[in-house]
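Breakdown of the fold
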Amino acid sequence: MSILTDTGNLMFLYLDEIAIGQPVTASEFEIQSTAKLLESSGGRNWVPIIVREVSSDRYEVIGNTFVYAVAEAAGIERVWCIVADSSDMSADVSRALAQEEVPKLNLSIATRTEIVAALRYIIQQPQSPLKGLQLSVAANRIEEAPRAYWKSLDAIADLKCGITKGKKLDMLKQYFYLTPQPLPEILTEPALLMQLSMADLKKMAKARKISGYTQLKKQDLVERLSAQE
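Cut-off values and rules
Residues numbered from 1 in each chain as written. Predicted model: local features only at pLDDT ≥ 70, side-chain atom pairs only at ≥ 80, totals over all residues. Heavy atoms only, no water. Core = buried A, V, L, I, M, F, W, Y, C linked by side-chain atoms within 4.5 Å. Buried < 20%, exposed > 50% of the residue type's maximum accessible area, 1.4 Å probe, protein only. Helix = DSSP H or I, 4+ residues; strand = E, 2+ residues; numbered from the N terminus. Contact = heavy atoms within 4.5 Å. Expected span 1.5 Å × (residues − 1). Arc of directions from axis to C-beta. Pairing = 2+ DSSP bridges. Axes fitted to C-alpha atoms, helices over the stretch in contact; angles between N-to-C directions.

The next thing to look at is the nonpolar core. Among the nonpolar cores identified, the biggest contains 29 residues, and Leu107, Leu119, Ile156, Ile163 and Phe176 are the most heavily contacted of them. For this core, the secondary structure elements donating two or more residues are helix H4 (112–123), helix H5 (135–144) and helix H6 (167–173). Here the element with the most residues in this core is H4; it accounts for 6 residues. The contacts of Ile156, once residues within four sequence positions are left out, are Leu107, Ile142, Trp150, Cys161, Ile163, Leu169 and Leu172.

Looking now at H4. What sets the pattern is the α-helix's 3.6 residues per turn: residues three or four places apart point alike. Here H4 contains 12 residues, and its C-alpha end-to-end distance of 16 Å stays within 8% of the 16 Å for a straight helix at 1.5 Å per residue. Listing the buried residues of H4 in full gives Ile115, Val116, Ala118, Leu119, Ile122 and Ile123. Projected down its long axis, H4 shows its buried positions confined to an angular sector of 165°, all on one face. As for H4, its buried residues are in contact with strand E6 (105–106), H5, H6 and strand E7 (176–177).

Pairing is mixed across the open sheet formed by 5 strands, whose spatial order is E1-E5-E3-E4-E2. Pairing within the sheet leaves two strands with one partner each, and these edge strands are strand E1 (10–14) and strand E2 (18–20). If you compare each strand with its neighbour and ignore which way they point, the axes differ by 50° on average. Bridging between strand E3 (residues 49–55) and strand E4 (residues 58–63) involves 5 bridges; their strand directions are antiparallel. Counted as the bridge partner of Ile50 is Gly63 from E4. In this fold helix H3 (residues 88–97) packs onto E3 and E4, with an angle of close to 50° to the strand it touches most, E4.

Quick look at the structure:
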């Protein structure tokens, strides 16, 4: 027997049944002027609020928070809402579709086209510390790096692509994340090995039983690892 659910339904809910989950970033002028427009047009929000049910007849806004703020300012008693499921993914998607949150890009698997688009977007942000970054140079070096194995975005600073630790790297961390894969025991490409950290190189050397690896400098360690069958 199926269980009835409101998920996916368009519902006309009382505003006092709804709590706002995220802060509204719009200015007071935008909210008040739009509230006047909403009142003069009959008080119907043709753009619905996205909500999820948190308890019986109680809801939380997960998308279109601006519409909620406008309806509240206009003194609207009931508003049109679409009821989403309660998953965090649905909340993330709703905020992204409403342009209330910029989704992060998985740098472990991102294509060059995606990397270029993300870097261009970051550069264009007001007061961005990446103004003046050579986009093609940075994108090429990031794309070619062994980012599938990175455990931290700090590795970008080692690429010498114009993105240094501090404000520049902190800005990138707002838009990228990683899902690192385990290092393979056998990796012999010198260019890739050189871009790994010493900790990762020593871990690989230990797994492959390379004698004296703890005393080797990076260049020597890379040569030993790249020579292994």
